[in-house]
Amino acid sequence: MKWLGIVLIGGGALLVGSAFAYSWWMNPRVIRELREDPQGKRAQEVMLLTLPSGKALPVNYLRDGATVYAAADFPWWRELRGEGGRGSVLIRGETLHGQIRAVEDDRELRESVFDRLRPTAPRWMGTLVVIELD
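**Student:** For this particular structure, what's the right way to read the overall build of the chain?
**Tutor:** When helices and strands are tallied, the chain shows two helices and six strands. When the helices and strands of the chain are read in sequence order from the N terminus, they spell out α-β-β-β-β-β-α-β. Counting the 134 residues in the chain, one finds 35% classified as buried. Nonlocal contacts in the chain, meaning residues at least 24 apart in sequence, comprise 55% of its contacts between residues at least 6 apart.

Below, the structure is given as structure tokens:
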């Protein structure tokens, strides 16, 4: 029982540490790169998503016409429940606006998109985020 507690505490610390590392170190570097090199290699796969709250995050994306898909592995997607809200994306130097929402109840759509967006990720992981562009 003692070892289980140690493992759970260690895992929790690792998760929290990862979140801080991304928020304070990785994300700002990636955001800067997306803005400074909009045609670069990273910009081919990563967009800058600005949520209705104003928080901006770099996320992998899949664009299909006027719809853009992303996957959320951290709880930031919770503000997008229900109808979601208005936000924007920066894709290859172009800022586009639209309605952003989390899709929690369409397993078939989630699996179809995730098969293309993140084929090597565990199938149970992530929440589908859909952006309907104006």
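The discussion continues.
**Student:** Explanation requested: the sheet that holds strand β3 (residues 67-72) in the structure shown.
**Tutor:** Hydrogen bonds along the backbone pair up the strands of a sheet, which may run parallel or antiparallel. An order of β1-β2-β3-β6-β5-β4 is seen for the six strands of this closed barrel, with the pairing classed as antiparallel. The average undirected angle you get between the axes of adjacent strands in this sheet is 45°. Where helix α2 (residues 107-117) meets the sheet, its contacts fall on β2 (56-64), β3 and β6 (127-133), and the angle it forms with β3 comes to roughly 85°.

**Student:** Before we go on, may I ask you to explain the side chain of T127 in this structure?
**Tutor:** Along the chain, the position of T127 falls in strand β6. Excluding residues within four positions of it along the chain, T127 makes contact with A70, A71, A72, W77, A102, V103 and F114.

**Student:** Help me out: how do you make sense of the packing of aromatic side chains in this one?
**Tutor:** Evaluated as defined, the whole model comprises zero aromatic pairs. Above the ring of F114, the side-chain terminus of R118 is found at 5.1 Å from the ring centroid.

**Student:** Honestly, the nonpolar core in this entry has me stumped. Any pointers?
**Tutor:** Within soluble globular proteins, side chains that are nonpolar tend to cluster in buried spots. Grouped together as the largest cluster of nonpolar side chains are 20 residues, with contacts concentrated most on M47, L49, W76, V89, V129 and I131. If you list the elements that add at least two residues to this core, you get β1 (46-50), β2, β3, β4 (85-91), β5 (94-103) and β6. Sequence-distant contacts of W76, defined by excluding residues within four places in its chain, comprise L49, L51, L57, V59, A71 and V129. L62, F114, L117 and L128 belong to the second-largest nonpolar core, a separate cluster that totals nine residues.

**Student:** Would you explain the pairing of β2 in this entry?
**Tutor:** Successive side chains on a regular strand alternate, one facing one side of the sheet and the next facing the other. With five bridges joining them, β1 and β2 adopt antiparallel strand pairing. Considered in β2, the bridge of T50 is made with A56. Between β1 and β2, which pair antiparallel in sequence order, lie five residues; one of them, G54, sits at a positive phi of approximately 100°. Pairing of β2 with β3, which is carried by four bridges, proceeds in the antiparallel orientation. If you follow D64 over to β3, its bridge partner there is T67. Between β2 and β3, which pair antiparallel in sequence order, lie two residues; one of them, G65, sits at a positive phi of approximately 65°.

Cut-offs used in this document
Residues numbered from 1 in each chain as written. Predicted model: local features only at pLDDT ≥ 70, side-chain atom pairs only at ≥ 80, totals over all residues. Heavy atoms only, no water. Helix = DSSP H or I, 4+ residues; strand = E, 2+ residues; numbered from the N terminus. Buried < 20%, exposed > 50% of the residue type's maximum accessible area, 1.4 Å probe, protein only. Contact = heavy atoms within 4.5 Å. Pairing = 2+ DSSP bridges. Axes fitted to C-alpha atoms, helices over the stretch in contact; angles between N-to-C directions. Phe/Tyr/Trp six-rings, centres within 6.5 Å; stacked < 30°, edge-to-face > 60°. Lys NZ or Arg CZ within 6 Å of the ring centre and 35° of its normal. Core = buried A, V, L, I, M, F, W, Y, C linked by side-chain atoms within 4.5 Å.

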